[in-house]
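# Inside the fold
Chain by chain, the residues run as shown.
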Amino acid sequence: MAAVARRTVLAILRGKSGFHGKPRPFSSCCVLGQKFNMPPSGNDLPRPGGIASMMRLPVQNDTQGLDACFVGIPLDIGTSNRSGTRFGPRQIRTESVMLRPYNNWTGAAPFDSLQVADIGDVFINMYDLKDAVKKIREAYTKIVANGCKPLTLGGDHTLTYPILQAIKDKYGPVGLVHVDAHADTSDMQLGEKVTHGTPFRRAVEDGLLDCPRVVQIGLRGTGYTSADYGWSRQQGFRVVQAEEVWYKSLAPLMEEVRAQMGDGPVYLSFDIDSLDPAYAPGTGTPEIGGLTSHQGLEIIRGCRGLNLVGCDLVEVSPPYDPSGNTALTAANLLFEMLCVLPGVQYRRG
């Protein structure tokens, strides 16, 4: 059985089928003579089959020839409450089998114009957070070197700090669309400077952000002081608390955000706990009164036209997500991020 399993995996990785006698699971789209990777249809490859890559896309070891890539960071040693986000990337990939290659509302057809693949997970030290952060920065320096846009599957929010370090080395200080229940601007947590609650304080200190071009959306919950978001505002961030957008469409807000971001490089960081626990219970620090899944879609779709240089979706904790709905939501939001990257073609049927 082991030998059969090995032969099956090798056949899939070579572009053949995981089911004997069937067509290969990876399809391609040809536009003006250029071939792009295309996720396989559920009619060509049963959804429970194939390799567990994001959208069952081809897997490669680096970003050579890629415009964008999905990459996982199985990190949870920076968490302050419930752990389990180390399993987030794997579960998001599992739930992504439900995704199809075209966005039937916006008309986005990312696989008709971008070369996309899954490049696997970043190797991290599971026992030393500082070393893990170092390894993430080193990995992303290579990932973005050729201009490839990383779409990161997290993993706890600590990971955004080293990603922004690598992004800054490539593009300079960036604007930031930060969607979260928490500001993540603490100075220290239990004596530690680097945790999932401190990435954007460290990012400001390191000059990674263009502070007038930073917006934080969805902040809420109880606080340690009456001015928990004061530090963000002092840096020039725009802070949009969740209560400000209850019962509202976020399309008008995102029009303002696009004007705020301008033409400069922008990074999008989306913490799944920005959504109300009714939509995304599988996370480590849930807060009631959050954004709806519809508002999450509006935020990401509202980033169309921005000069996005990378995105992440963090804090999915499968042990607290027995239905899989949190990971399913995360997979859909990552696809929406892909749909708004520069260079994506839009089509109408």
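Along each chain, residues carry numbers from 1 onward, in the same order as the chain's sequence is written. Predicted model: local features are reported for residues with pLDDT of at least 70 only, side-chain atom pairs are reported and counted for 80 or more only, and whole-chain, interface and lining totals are derived from all residues. Values shown for side chains rest on all heavy atoms present in the structure; no hydrogens or waters enter the calculation.

Looking now at the pattern of salt bridges. Charged atoms that come close allow side chains of opposite charge to pair. The working definition used for a salt bridge is a side-chain nitrogen of Lys or Arg within 4 Å of a carboxyl oxygen of Asp or Glu. For the structure on display, the rule yields 14 salt bridges. Linking E192 and K130 is a salt bridge whose minimum nitrogen-to-oxygen distance equals 3.0 Å. In this pair, E192 sits in the loop between β7 (174-179) and α5 (199-205) while K130 sits in helix α3 (residues 129-143), placing the two residues 62 residues apart along the sequence. A salt bridge links K134 to E138, with the shortest nitrogen-to-oxygen separation between them at 2.8 Å. Here a strand is any run of E in DSSP of at least two residues, a helix any run of H or I of at least four, and the numbering for each starts at the N terminus.

With that settled, consider the pairing of strand β6 (residues 149-154). By the criterion of burial, β6 is predominantly enclosed, with 6 of the 6 residues buried. Where burial is concerned, the two faces of β6 agree: the one with K149, L151 and L153 and the one with P150, T152 and G154 are both buried. Strands are labelled as partners when DSSP assigns at least two bridges between them. Sheet topology places strand β3 (residues 68-73) next to β6; 6 bridges connect them, and they run parallel. Following the sheet pairing, I73 is matched in β6 by G154. When β6 meets strand β11 (residues 307-314), the two strands line up parallel, connected through 3 bridges. Residue T152 lies in a different strand from β11, and its bridge partner there is D312. Using a 1.4 Å probe on the protein chains alone, a residue whose accessible area is under 20% of its type maximum counts as buried, one over 50% counts as exposed, and one in between counts as partly exposed.

Angles run from 0 to 180 degrees between N-to-C directions of axes, and those axes are lines fitted to C-alpha atoms, restricted for helices to the stretch in contact. As a packed pair, α3 and helix α4 (residues 160-171) sit with axes 8 Å apart at the nearest point and diverge in direction by 35 degrees. Seen from above, α3 lies across α4 with right-handed handedness. Residues V133, I136, R137, Y140 and T141 of α3 pack against Y161, P162, I163, Q165, A166 and D169 of α4. Note on residue classes: Ala, Val, Leu, Ile, Met, Phe, Trp, Tyr, Cys and Pro are nonpolar, Asp, Glu, Lys and Arg are charged, and everything else, Gly too, is polar. Among the residues making up the contact of α3 with α4, the classes are represented as 7 nonpolar, 2 polar and 2 charged. In a left-handed crossing the near helix is turned counterclockwise from the far helix by less than a right angle, and in a right-handed crossing that turn is clockwise. Contact definition: two residues touch when any of their heavy atoms are within 4.5 Å.

Next up on the list: the packing of aromatic side chains. Each Phe, Tyr or Trp ring (for Trp, its six-membered ring) is paired with any other whose centre lies within 6.5 Å, and the angle between the two planes then decides the class: stacked below 30 degrees, edge-to-face above 60, tilted in between. A full pass over the atoms with the stated rule returns 2 aromatic pairs. Note on W231 and F237: the rings are 6.3 Å apart at their centroids and 90 degrees apart in plane angle, and the pair reads as edge-to-face. Aromatic side chains W246 and Y247 sit 6.3 Å apart centroid to centroid with 70 degrees between the ring planes, which places their arrangement in the edge-to-face category. By the criterion adopted, a ring carries a charge over it if an Arg CZ or a Lys NZ lies within 6 Å of its centre and within 35 degrees of its normal. Positioned above the aromatic ring of Y320, the side-chain terminus of R82 is 4.1 Å from the ring centre. Between the NZ or CZ atom of R304 and the centre of the ring of Y346, over which it lies, the distance is 3.4 Å.

A word on the environment of R213. Positionally, R213 belongs in strand β8 (residues 209-219). The spacing of R213 and F237 is 24 residues in sequence and 7.0 Å in space, taken between C-alpha atoms. In contact with R213, not counting residues within four places along its chain, are P173, V174, G175, L176, Q260, M261, G264, P265 and V266. A distance of 2.9 Å separates a polar atom in the side chain of R213 from the backbone oxygen of M261. Pairs of N or O atoms within 3.5 Å make up the polar contacts considered here, provided that, within protein, one atom can donate a hydrogen while the other can accept it, and that residues adjacent in sequence are counted only when both atoms are side-chain atoms.

This paragraph deals with the sheet that holds β11. Pairing in this open sheet of 8 strands is parallel, and the strands run β5-β3-β6-β11-β10-β7-β8-β9 from one edge to the other. Each edge of the open sheet carries a strand with a single partner, namely β5 (116-121) and β9 (238-241). When the angles between neighbouring strand axes are averaged without regard to direction, this sheet yields 15 degrees. Relative to β5, β3 runs parallel, the two being bridged by 4 bridges. In the sheet register, C69 faces β5, and the bridge partner there is A117.

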